[in-house]
Amino acid sequence: MSERYWQLSAKYLAEGKALFEKGDLQQASEKLWGAAAQAIKAVAEAKGWPHYKHRELVEAVSKLFKETKDVELLRLRDSAEALHSNFYEGFMSSEEVQLRIADVERLVEKLRKLIA
């Protein structure tokens with residue numbers, strides 16, 4: 001199952017970037033959040049942690065922070081979560097969404113290394 005989450009993460013990241021390039025910031029934001037969420041689910045699945053609710057995803061990254069002491073995990077998670085809010089509210093500029101694309105990529109990369 002974990003591999004399916006990684007596949008979805010990659011798919012959503014690519015779709016989010018494509019939507020960003022088309023100027024659809026809100027849809028891009030949700031796809032980018034989805035990419036981050038699927039990567040978190042992959043790690044949580046590998047560790048046997050619950051990961052079916054939004055709160056469980058937030059808590060999974062908090063657990064990873066406690067294990068690794070990597071504060072960047074928290075910051076990157078928060079950046080990805082802001083994209084989820086942007087999907088509903090549309091408050092981010094193009095530049096803000098673009099910066100968060102790199103954050104999502106970094107988060108996915110870090111998460112993959114944690115269970116590699």
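Residues numbered from 1 in each chain as written. Predicted model: local features only at pLDDT ≥ 70, side-chain atom pairs only at ≥ 80, totals over all residues. Heavy atoms only, no water.

1. A few points about the nonpolar core
Generally speaking, soluble globular proteins have nonpolar side chains that are buried together.
Then, in step 1: Core analysis: the biggest nonpolar cluster contains 37 residues, and Val104 and Leu111 have the highest contact counts within it.
Then, in step 2: Contributions of two or more residues to this core are made by α1 (2–21), α2 (25–47), α3 (54–68), α4 (71–89) and α5 (94–115).
Then, in step 3: If we ignore the near neighbours within four places in the chain, the residues touching Val104 are Leu13, Leu32, Ala35, Ala36, Ala80 and Leu83. (Core = buried A, V, L, I, M, F, W, Y, C linked by side-chain atoms within 4.5 Å. Buried < 20%, exposed > 50% of the residue type's maximum accessible area, 1.4 Å probe, protein only. Helix = DSSP H or I, 4+ residues; strand = E, 2+ residues; numbered from the N terminus. Contact = heavy atoms within 4.5 Å.)

2. A look at the pattern of salt bridges
Then, in step 1: Under the definition given, this model contains 11 salt bridges.
Then, in step 2: Glu59 serves as the salt-bridge partner of Arg55, at 2.6 Å between the closest nitrogen and oxygen. Remark: Glu59 and Arg55 occur in helix α3; sequence separation between them is four residues, near one turn of the helix.
Then, in step 3: Between Glu109 and Arg106 there is a salt bridge, with the nearest N and O atoms lying 3.2 Å from each other. With Glu109 and Arg106 both in helix α5 and three residues apart, this pair spans about one turn of that helix.
Then, in step 4: Exposure remark for Arg106: the relative accessible area of 32% places this residue in the partly exposed category.
Then, in step 5: Among the charged side chains, a salt-bridge network with shared partners connects Asp70, Glu72, Arg106, Glu109, Lys110 and Lys113. (Salt bridge = Lys/Arg side-chain N within 4 Å of Asp/Glu carboxyl O.)

3. With respect to α5
Then, in step 1: Between the first and last C-alpha of α5 there are 33 Å, a value that for 22 residues agrees with the 32 Å anticipated at 1.5 Å per step.
Then, in step 2: For α5, the complete set of buried residues consists of Val97, Ile101, Val104, Leu107, Val108, Lys110 and Leu111.
Then, in step 3: Of the surrounding elements, those touching the buried residues of α5 are α1, α2, α3 and α4. (Expected span 1.5 Å × (residues − 1).)

4. Re the packing of aromatic side chains
Then, in step 1: Under the criterion given, the structure shown has one aromatic pair.
Then, in step 2: Positioned above the aromatic ring of Trp6 is the side chain of Arg112, whose terminal nitrogen or guanidinium carbon lies 4.1 Å from the ring centre. (Phe/Tyr/Trp six-rings, centres within 6.5 Å; stacked < 30°, edge-to-face > 60°. Lys NZ or Arg CZ within 6 Å of the ring centre and 35° of its normal.)

5. Here we look at the environment of Glu96
Then, in step 1: In this fold, Glu96 is placed in helix α5.
Then, in step 2: A relative accessible area of 32% means that Glu96 is categorised as partly exposed.

6. Considerations on the environment of Arg100
Then, in step 1: Here Arg100 is to be found in helix α5.
Then, in step 2: For Arg100 and Ala80, which are 20 residues apart along the polypeptide, the C-alpha to C-alpha distance reads 6.8 Å.

7. As for the side chain of His51
Then, in step 1: Relative to the helices and strands, His51 resides in the loop between α2 and α3.
Then, in step 2: Residue His51 is classed as buried on the basis of its relative accessible area of 3%.
Then, in step 3: Beyond its immediate sequence surroundings of up to four residues, His51 is in contact with Tyr5, Lys41, Ala44, Glu45, Glu56 and Leu57.

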